[in-house]
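One letter stands for each residue in the lines below.
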Amino acid sequence: MSVLDELYREILLDHYQSPRNFGVLPQATKQAGGMNPSCGDQVEVMVLLEGDTIADIRFQGQGCAISTASASLMTEAVKGKKVAEALELSRRFQAMVVEGAPPDPALGDLLALQGVAKLPARVKCATLAWHALEEALR
């Protein structure tokens, strides 16, 4: 295993074991959920918008390591961003994970999930929270 693979593995385990922004956001102005029927993963994403900016974001639910780590990484990546920036980040992330597009350095720690593109059964796990975010923001 390369040093980079080990780093990505550590990032994913950290976000799975200690997810960031996990829990209810009572003052949410937008929210949406999703479920992956093939494995039972469930997520609800709650967003507090101030104008066109994601002032706060939380998620709750249950899922596998990839689903939970992806949701955790997503919340960290989009918090403080404009809605359009968050949607663009979602597009870039999904291009990498779903389409196998070359990794975009702008994705930062989200690059830890690039290997999911080689695991078709896990793509839905990695994109579940992102689909809920898009639904909440539209």
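Reading guide: rules and limits
- Residues numbered from 1 in each chain as written.
- Predicted model: local features only at pLDDT ≥ 70, side-chain atom pairs only at ≥ 80, totals over all residues.
- Heavy atoms only, no water.
- Axes fitted to C-alpha atoms, helices over the stretch in contact; angles between N-to-C directions.
- Helix = DSSP H or I, 4+ residues; strand = E, 2+ residues; numbered from the N terminus.
- Parallel < 35°, antiparallel > 145°, perpendicular 65-115°, else oblique.
- Left-handed = near helix turned anticlockwise from the far one by under 90°.
- Contact = heavy atoms within 4.5 Å.
- Nonpolar A, V, L, I, M, F, W, Y, C, P; charged D, E, K, R; others polar.
- Core = buried A, V, L, I, M, F, W, Y, C linked by side-chain atoms within 4.5 Å.
- Buried < 20%, exposed > 50% of the residue type's maximum accessible area, 1.4 Å probe, protein only.
- UniProt positions renumbered as here; feature names shortened; annotations may be inferred.

Draft legend 1. Main features of the packing of helix α3 (residues 83–98) against helix α4 (residues 120–137). Their axes nearest at 10 Å, the elements α3 and α4 cross at an angle of 160°. In terms of orientation, α3 and α4 fall into the roughly antiparallel class. Crossing hand, α3 versus α4: left-handed. Where α3 abuts α4, its residues Val83, Ala86, Leu87, Leu89, Ser90, Phe93, Gln94, Val97 and Val98 lie against Val123, Ala126, Thr127, Trp130, His131, Glu134 and Leu137. Looking at the contact of α3 with α4, its residues break down into eleven nonpolar, four polar and one charged.

Draft legend 2. Highlighting the nonpolar core. If you look at the biggest cluster of nonpolar residues, it comprises 36 residues, and the most contacted ones within it are Val45, Phe93 and Leu133. Of all the secondary-structure elements, those providing two or more residues to this core are α1 (3–17), β2 (41–50), β3 (53–62), α2 (65–78), α3 and α4. Every residue in contact with Val45, bar those within four places of it in the chain, is listed here: Lys30, Gln31, Ala32, Ile57, Arg58, Phe59, Met74, Ala129, Ala132 and Leu133.

Draft legend 3. Representation of the UniProt feature "domain: NIF system FeS cluster assembly NifU N-terminal" (unreviewed entry) in the chain in the model. Taking the UniProt record as the reference, the feature "domain: NIF system FeS cluster assembly NifU N-terminal" (unreviewed entry) is found at residues 8–124. What you have in residues 8–124 is 38% helix and 23% strand, and the ends, taken at the C-alpha atoms, are 19 Å apart.

Draft legend 4. Quick look at the packing of α2 against α4. Following both chains from N to C, one finds α2 and α4 inclined at 35°, their axes separated by 8 Å at the closest point. When the axes of α2 and α4 are compared, the crossing they make is right-handed. Contacts between α2 and α4 involve Ile66, Ser67, Ser70, Ala71, Met74 and Val78 from the former and Arg122, Cys125, Ala126, Leu128, Ala129, Trp130 and Leu133 from the latter. Classifying every residue of the contact of α2 with α4 gives ten nonpolar, two polar and one charged.

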